[in-house]
Amino acid sequence: MARAGIETGKSTPPKKAAAGRKLTAFQHMKRDKQLLILFIPCFLFYLIFRYGPLYGMLIAFKDYSVFTGIMDSPWVGFKHFSNFFNGPDFWLLFKNTLTLGVLSLIFSFPFPIILAVLLNEVRLKWFKKSVQTISYLPSFLSVVIISSMLIDFLSPNNGIINQLLAAIGFEKKYFLIDPDWFRPVYIASDIWTNTGYEAIIYMAAIAGISPSLYEAAKVDGAKRRHMIFKITIPALMPTIIIMFILKTGQMLRIGYEKVLLLYNPMTYEVADVFSTFVYRKGLLEANYSYAAAVGLFEAVVAMVLLLSSNFLSKKIGGKGLW
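Remember, predicted model here, so these are calculated numbers, not experimental data.

Criteria and cut-off values
Residues numbered from 1 in each chain as written. Predicted model: local features only at pLDDT ≥ 70, side-chain atom pairs only at ≥ 80, totals over all residues. Heavy atoms only, no water. Helix = DSSP H or I, 4+ residues; strand = E, 2+ residues; numbered from the N terminus. Buried < 20%, exposed > 50% of the residue type's maximum accessible area, 1.4 Å probe, protein only. Contact = heavy atoms within 4.5 Å. Areas by Shrake-Rupley, 256 points an atom, 1.4 Å probe, with all protein chains shown as cover. Salt bridge = Lys/Arg side-chain N within 4 Å of Asp/Glu carboxyl O. Phe/Tyr/Trp six-rings, centres within 6.5 Å; stacked < 30°, edge-to-face > 60°. Lys NZ or Arg CZ within 6 Å of the ring centre and 35° of its normal. pLDDT = per-residue confidence, 0-100. Axes fitted to C-alpha atoms, helices over the stretch in contact; angles between N-to-C directions. Parallel < 35°, antiparallel > 145°, perpendicular 65-115°, else oblique. Left-handed = near helix turned anticlockwise from the far one by under 90°. Nonpolar A, V, L, I, M, F, W, Y, C, P; charged D, E, K, R; others polar. Arc of directions from axis to C-beta.

### Describing the overall build of the protein chain
Phase 1 of the analysis: In terms of regular secondary structure, the protein chain is built from 17 helices and zero strands.
Phase 2 of the analysis: Each of the 322 residues in the protein chain was classed as buried or not, and the buried ones make up 33%.
Phase 3 of the analysis: Taking all contacts inside the protein chain whose residues are at least 6 apart in sequence as the whole, residues at least 24 apart take part in 62%.
Phase 4 of the analysis: Of the roughly 20,800 Å² of accessible surface on the protein chain, a fraction of 69% belongs to carbon and sulfur atoms.

### A look at the pattern of salt bridges
Phase 1 of the analysis: One pass over the full model with this rule turns up five salt bridges.
Phase 2 of the analysis: A salt bridge links D63 to K79; the nearest nitrogen and oxygen atoms lie 3.4 Å apart. With D63 in the loop between α3 (33–51) and α4 (69–72) and K79 in helix α5 (residues 79–86), this pair connects stretches of sequence that are 16 residues apart.
Phase 3 of the analysis: Exposure remark for K79: the relative accessible area of 39% places this residue in the partly exposed category.
Phase 4 of the analysis: Residues E285 and K281 are paired through a salt bridge, measuring 3.2 Å at the closest nitrogen-oxygen approach.

### Description of the packing of aromatic side chains
Phase 1 of the analysis: Summed over the entire model, instances satisfying the criterion amount to 28 aromatic pairs.
Phase 2 of the analysis: Aromatic side chains F84 and F85 sit 5.8 Å apart centroid to centroid with 45° between the ring planes, which places their arrangement in the tilted category.
Phase 3 of the analysis: The exposure class of F84 is buried, given its relative accessible area of 2%.
Phase 4 of the analysis: Each ring, one from F84 and one from F297, has its centre 6.2 Å from the other, and the planes form 65°; the classification is edge-to-face. A residue pair is termed long-range when its members are at least 10 positions apart, and F84 in helix α5 and F297 in helix α17 (residues 288–316) qualify at 213 residues. Here F84 and F297 have matching classes, each one buried.
Phase 5 of the analysis: Members of the aromatic cluster, joined through ring pairs, are F84, F85, F90, W91, F94, F274, F277, Y290 and F297.
Phase 6 of the analysis: Sitting above the plane of the Y186 ring, K258 keeps its charged end 5.0 Å from the centroid.

### Observations concerning the confidence of the model for the protein chain
Phase 1 of the analysis: In the predicted model, the protein chain carries a mean pLDDT of 84, and 90% of its residues have values of at least 70.
Phase 2 of the analysis: The secondary structure element of the protein chain with the lowest average pLDDT is helix α1 (residues 2–10), at 45, and the one with the highest is α5, at 92.
Phase 3 of the analysis: The model gives residues 1–9 a pLDDT under 50, and that stretch makes two contacts with residues more than four places away or in other chains.
Phase 4 of the analysis: Counting interchain partners and residues more than four positions distant, the pLDDT-below-50 stretch residues 14–22 has one contact.

### Observations regarding the packing of helix α7 (residues 110–121) against helix α8 (residues 125–136)
Phase 1 of the analysis: Running from amino to carboxyl end, α7 crosses α8 at an angle of 160°, the nearest separation of the two axes being 10 Å. With respect to α8, the axis of α7 lies roughly antiparallel. Relative to α8, α7 is oriented so that their crossing is left-handed. Residues L115, L119 and N120 of α7 lie in contact with α8, whose contacting residues are K128, V131, Q132 and S135.
Phase 2 of the analysis: Here the contact of α7 with α8 is composed, by residue class, of three nonpolar, three polar and one charged.

### Re helix α9 (residues 143–153)
Phase 1 of the analysis: Residues I146, S147 and L150 constitute the buried set of α9. Burial along α9 is one-sided: seen end-on, the buried residues are contained in an arc of 95°.

### What about the packing of helix α11 (residues 179–207) against helix α13 (residues 224–249)?
Phase 1 of the analysis: Taken N-terminus to C-terminus, the directions of α11 and α13 make an angle of 145°; their axes are 9 Å apart at the nearest point. For the element pair α11 and α13, the recorded crossing hand is right-handed. Across the interface between the two elements, E198, I201, Y202, A205 and I206 of α11 pack against T232, L236, T239, I240, M243 and K247 of α13.
Phase 2 of the analysis: A per-class count over the contact of α11 with α13 returns seven nonpolar, two polar and two charged.

Set out below in structure tokens:
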């Protein structure tokens, strides 16, 4: 009887259980249909503008000509890579790009964290909103406008920086033609442009911290500086690690626009980087294959840095991007 009861009745047959699971999955898809529709433009963007152009990287291994096309151009293998590695520009470009990338990572990365933590401690709402608005503004300006403002500010004749230096008794400086000043100017402009925008990410992470933690700390007699170092910063660590990994992967991917607008022949020795070299070789000299080889090398190095930083982060802190 017991066996019959088990067979006849109360357990769900495997086929019906599987059908139930399939129905549940279909219901999930139906429920998330709007999210999937919203995802389609993002998917198409990456498919067309990120993965589609990868086909063009074939020209790095060919002597490409616009008249013969990609497929009919002769295959030369690693010829352009060899010429670049053995040429006089490689080590200069590598040193300049790595130096600017490392300096940006060291000096630019902490400022958004500091700004977010300080704004979290501000109790005057009008002051907090004013600082947020002022710090965000440079992020909405184009690189051309930012560079033009820097050129005007640093002008040796009527620039506000040199006027202030003259007012306190110092000599005026030619910042943009002095190789010793190019990197400080670039890093300072990077901090000014990106700090406010990147601080939004950390402020959002701080907003997710439970207020009960701060209340319990107040009851225990903790001061504000103790709450910063014992509650706020530890809660921010996962976000800091992820942002650090992403920044490390982009360390060599220095945008050519700002460098191109700020540098000149007097500062080539410290300002010329991979991206500006690719611009000159590819667009100005029409040496497309050579420029593609340099750009591909830069992308491969960036990928290696990203994978390495993620691996080290997981080994040291137990957390990573994947």
